[in-house]
Amino acid sequence: QVQLVESGGGLVQAGDSLRLSCAASGRTFSTYDMGWFRQAPGKEREFVAAISWRDSSTSYSDSVKGRFTVSIDNAKKTVYLQMNSLKPEDTAVYYCAGNPFGVGGYDYWGQGTQVTVSS
């Protein structure tokens, strides 16, 4: 089992950058696929990015591809989401999530961190 805590959100202007962090506790972190999701007011939660525990391969939603980068530091048990060229439509609560062994679904979720991008 793993516990996840996000940080790094805030209020920025369009075009700015932010780096979100997701700190994990638990011994099996290194065998979890890790994902970032977001939920804007009045909208459903959507996938943003993910990184595989097996080979660190990454995937991104079309809306953030080329602007966001997901990375992982297994020694620090931390997953990062570097967000560049932020747009007002990126405003949402961002969640990290863990998928044990990359099978099934994301079973573990953090509490979320708010990102607000002003125009």
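Structure first, text after, so check above.
These lines cover the structure that appears in this document, whether it is placed above or below. (Residues numbered from 1 in each chain as written. Predicted model: local features only at pLDDT ≥ 70, side-chain atom pairs only at ≥ 80, totals over all residues. Heavy atoms only, no water.)

1. A word on the pairing of strand E5 (residues 46-51)
- One ladder, built from 5 bridges, connects strand E4 (residues 32-39) with E5; its direction is antiparallel. Across the sheet, residue Phe 37 finds its bridge partner in E5, namely Phe 47.
- Hairpin connection of E4 to E5: 6 residues between the antiparallel strands, including Gly 42 at a positive phi of 75 degrees.
- Here 3 bridges tie E5 to strand E6 (residues 58-60), and the two strands are oriented antiparallel to one another. Within E6, the position partnered with Ala 49 by the bridge is Tyr 60.
- Two successive antiparallel strands, E5 and E6, enclose a turn made up of 6 residues, where Ser 56 displays a positive phi of approximately 60 degrees. (Pairing = 2+ DSSP bridges. Helix = DSSP H or I, 4+ residues; strand = E, 2+ residues; numbered from the N terminus.)

2. Focus on the nonpolar core
- Counting 28 residues, the largest nonpolar core has Trp 36, Leu 81, Met 83 and Tyr 94 as its most contacted members.
- Taken together, the elements giving at least two residues each to this core come down to strand E3 (18-25), E4, E5, strand E7 (68-73), strand E8 (78-83), strand E9 (92-100) and strand E11 (113-118).
- Tallying contributions element by element places E3 first for this core, with 4 residues.
- The residues touching Tyr 94, leaving out its near neighbours within four places in the chain, are Glu 6, Leu 20, Trp 36, Phe 37, Arg 38, Val 48, Phe 68, Leu 81, Met 83, Gly 112, Thr 113 and Val 115. (Core = buried A, V, L, I, M, F, W, Y, C linked by side-chain atoms within 4.5 Å. Buried < 20%, exposed > 50% of the residue type's maximum accessible area, 1.4 Å probe, protein only. Contact = heavy atoms within 4.5 Å.)

3. Looking at the packing of aromatic side chains
- Tallied over the full model, the rule gives 6 aromatic pairs.
- Residues Phe 37 and Phe 47 carry aromatic rings whose centres are separated by 5.7 Å and whose planes lie at 75 degrees to one another, so their mutual orientation is edge-to-face. Here the residue Phe 37 occupies a position in strand E4, and Phe 47 occupies one in strand E5, the gap between them amounting to 10 residues.
- Given a relative accessible area of 11%, Phe 37 falls into the buried group.
- Plain terms: the ring middles of Phe 37 and Trp 109 are 4.9 Å apart, the flat faces sit at 55 degrees to each other, and that makes the pair tilted. Residue Phe 37 is located in strand E4, and its partner Trp 109 is located in strand E10 (residues 108-109); the two are separated by 72 residues in the primary sequence.
- Residue class for Trp 109 comes out partly exposed when judged on its relative accessible area of 30%.
- Every member of this aromatic cluster is reached through a ring pair, and the members are Phe 37, Phe 47, Tyr 106 and Trp 109.
- Positioned above the aromatic ring of Trp 109 is the side chain of Arg 45, whose terminal nitrogen or guanidinium carbon lies 3.8 Å from the ring centre. (Phe/Tyr/Trp six-rings, centres within 6.5 Å; stacked < 30°, edge-to-face > 60°. Lys NZ or Arg CZ within 6 Å of the ring centre and 35° of its normal.)

4. Quick notes on the state of the cysteines
- Scanning the model with the defined rule gives 1 disulfide in all.
- Between the sulfur atoms of Cys 22 and its disulfide partner Cys 96 the distance amounts to 1.9 Å. Looking down the S-S bond of the Cys 22 and Cys 96 bridge, the torsion is 50 degrees, so its handedness is right-handed. With a gap of 74 residues between them, Cys 22 in strand E3 and Cys 96 in strand E9 connect regions that are remote in the sequence.
- Residue Cys 22 is classed as buried on the basis of its relative accessible area, which comes to 0%.
- For Cys 96, a relative accessible area of 1% puts it in the buried group. (Disulfide = S-S within 2.5 Å.)

These values are about where atoms sit, not about what they do.
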